[in-house]
Number of protein chains: 2
Amino acid sequence: MFVLGVDPGLSRCGYGVVEQIPGSGTRRTRTEAVALGVIRTDPEAPHAARLATQMHEMQALIAEFRPSVVAVERVFFQVNARTAIGVAQVAGLAMAAADAAGLEVAEYTPTQVKQAVAGWGGADKDQMQRMVGELLALPGPPEPADAADAAAVALCHLSQAPWASP
Amino acid sequence: MFVLGVDPGLSRCGYGVVEQIPGSGTRRTRTEAVALGVIRTDPEAPHAARLATQMHEMQALIAEFRPSVVAVERVFFQVNARTAIGVAQVAGLAMAAADAAGLEVAEYTPTQVKQAVAGWGGADKDQMQRMVGELLALPGPPEPADAADAAAVALCHLSQAPWASP
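What comes next concerns the included structure.

Scoring rules and cut-offs
- Residues numbered from 1 in each chain as written.
- Chains lettered and ligands numbered in written order.
- Predicted model: local features only at pLDDT ≥ 70, side-chain atom pairs only at ≥ 80, totals over all residues.
- Heavy atoms only, no water.
- Helix = DSSP H or I, 4+ residues; strand = E, 2+ residues; numbered from the N terminus.
- Rg over C-alpha atoms; globule rule 2.2 N^0.38 Å.
- Buried < 20%, exposed > 50% of the residue type's maximum accessible area, 1.4 Å probe, protein only.
- Areas by Shrake-Rupley, 256 points an atom, 1.4 Å probe, with all protein chains shown as cover.
- Contact = heavy atoms within 4.5 Å.
- Buried area = accessible area lost by both parts, 1.4 Å probe.
- Salt bridge = Lys/Arg side-chain N within 4 Å of Asp/Glu carboxyl O.
- Nonpolar A, V, L, I, M, F, W, Y, C, P; charged D, E, K, R; others polar.
- Expected span 1.5 Å × (residues − 1).
- Least-squares fit on C-alpha atoms with pLDDT ≥ 70 in both.
- Pairing = 2+ DSSP bridges.
- Axes fitted to C-alpha atoms, helices over the stretch in contact; angles between N-to-C directions.

1. What about the overall build of chain A?
Scanning chain A from terminus to terminus reveals five helices and five strands. For chain A, the N- to C-terminal ordering of α and β elements is β-β-β-α-β-α-β-α-α-α. In terms of overall size, chain A behaves like a compact globule, its C-alpha atoms giving a radius of gyration of 15 Å where 166 residues would be expected to give roughly 15 Å. Dimensions along the principal axes, computed over C-alpha positions, put chain A at roughly 55 × 35 × 25 Å. The proportion of buried residues among the 166 residues of chain A is 50%. With the model as given, the accessible surface of chain A reaches about 7,500 Å², and the carbon-plus-sulfur share is 50%.

2. Some points on the interface of chain A and chain B
Across the boundary between the two partners, chain A contributes 25 residues, which contact 25 residues of chain B. Both faces combined, the contact of chain A with chain B buries some 1,900 Å², and carbon together with sulfur accounts for 78% of it. Taken together, the connections running from chain A to chain B amount to zero salt bridges. Of all the secondary-structure elements, those providing two or more residues to the side of chain A that touches chain B are helix 1 (47-65), helix 2 (81-100) and strand 5 (104-108) of chain A. Per element, the largest residue contribution to the side of chain A that touches chain B is 14 residues, and it comes from helix 2 of chain A. Of the residues belonging to the side of chain A that touches chain B, the class tally is 18 nonpolar, three polar and four charged.

3. Some remarks on helix 5 (residues 145-160) of chain A
Residues lying three or four places apart along an α-helix face the same way, a consequence of the helix completing one turn every 3.6 residues. Compared with the 22 Å implied by 1.5 Å per residue over 16 residues, the 23 Å span of helix 5 of chain A between its first and last C-alpha is a close match. Counting buried residues in helix 5 of chain A gives 13 out of 16 residues, a clear majority hidden from the surface.

4. Regarding the pattern of salt bridges
Note on pairing: side chains with opposite charge can pair once their charged atoms come close. Residue and element names in this part refer to chain A. Tallied over the entire structure, the rule returns eight salt bridges over all chains. Among the salt bridges present, the one from R30 reaches E32, with a minimum N-O distance of 3.2 Å. In this structure R30 comes out as partly exposed when scored by relative accessible area, which is 33%.

5. As for the relation of the copies chain A and chain B
Expressed as a screw operation, the relation of chain A to chain B combines 0.0 Å of axial shift with a rotation of 180 degrees, fitting to an RMSD of 0.0 Å. Each copy turns onto its partner about a two-fold axis. Within chain A, Q89 of chain A has its C-alpha nearest the rotation axis, a separation of 2.2 Å. Both copies share a contact surface, since 100% of the interface residues of chain A are interface residues in chain B too.

6. Overview of unusual backbone geometry
Residue P144 of chain A follows E143 of chain A across a cis peptide bond; omega there is -10 degrees. With respect to the helices and strands, the residue P144 of chain A is situated in the loop between helix 4 (125-135) and helix 5. Positive phi, normally seen in glycine, also occurs at R66 of chain B, with a value near 40 degrees. Checked against the element boundaries, R66 of chain B lands in the loop between helix 1 (47-65) and strand 4 (69-73).

7. Some details on the sheet that holds strand 3 (residues 30-40) of chain A
All names here are of chain A. Sheet architecture is open: five strands sit in the order 3-2-1-4-5, paired in mixed fashion. Strand pairing shows two members of the sheet lacking a second neighbour, strand 3 and strand 5, which therefore form its edges. Neighbour-to-neighbour, the strand axes of the sheet open up by a mean angle of 20 degrees, direction not taken into account. Bridge analysis of strand 4 (residues 69-73) against strand 5 gives five bridges, and the strand direction is parallel. Within the sheet, the bridge partner assigned to A71 lies in strand 5 and is A106. The strands that helix 1 touches are strand 1 (2-7), strand 2 (12-21), strand 3 and strand 4; relative to strand 3, the one it contacts most, it runs at about 155 degrees.

So, in structure tokens, the structure goes:
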């Protein structure tokens, strides 16, 4: 089962495709990173063009990796309203693209993601990156941070979905 | 020249396709309503499905009417943050769909729309609906209100774009 985690943002949208591999015999179920990255858009480009780029790239990721689920970090209204609008819009594009492709869509709050991955809702960026690296058996904390955040959302979904385990 | 005006909203997204018909001889340039309506989504449906419906319907409107421009009312952070997120997301979908179709995209604030259509930024809903009806030579104020608001955004764009006149 593939889960595409999304950490939405207009300038930088993190994505992480995580595969859950069922265990058998003495082997435990494990998770592997299939693709981690960031979709960037040029802050100098028109707003609509940046949104169209994010939509196009999200559709391309869905077409390439065919995840079962797209898990998106839920948007909250932040101090910087201008940034929050872009975040909300990219989250909306990801969810619309996922639903249009017939995929399940799940949203998780930042606190839910932190609790699921690091064990407590107050975990900081460094702790989260380290835990994502460990859970995905990577040689070190994944870079860049937005990709690690997106992978954390995917891991959060897998941890909340026990029906996905064998 | 066709302009598609959009008054974004998740439950109800108003749209208004307005055509500007250049004058000739003694005939003045005039504007006509080509299509006015509302894209509705079921508040009981999952959020992602509602976004996908809005995206799909917006793409269908663009394909049907082939506007040159999509003019969208600019989103502000409102008292109701939950509503504002949906509004921002639908505005984002409309802009992404327009840019992906190669169209020009313009955003106008509610005050700009009111000033352009009713002559002052403090115009109320009734005044706006009446003015939209007059500018489009309709037999009465257009219904529903969301469609009138969307047509007002299209009219605002035409008023700001003198290069579009002959």
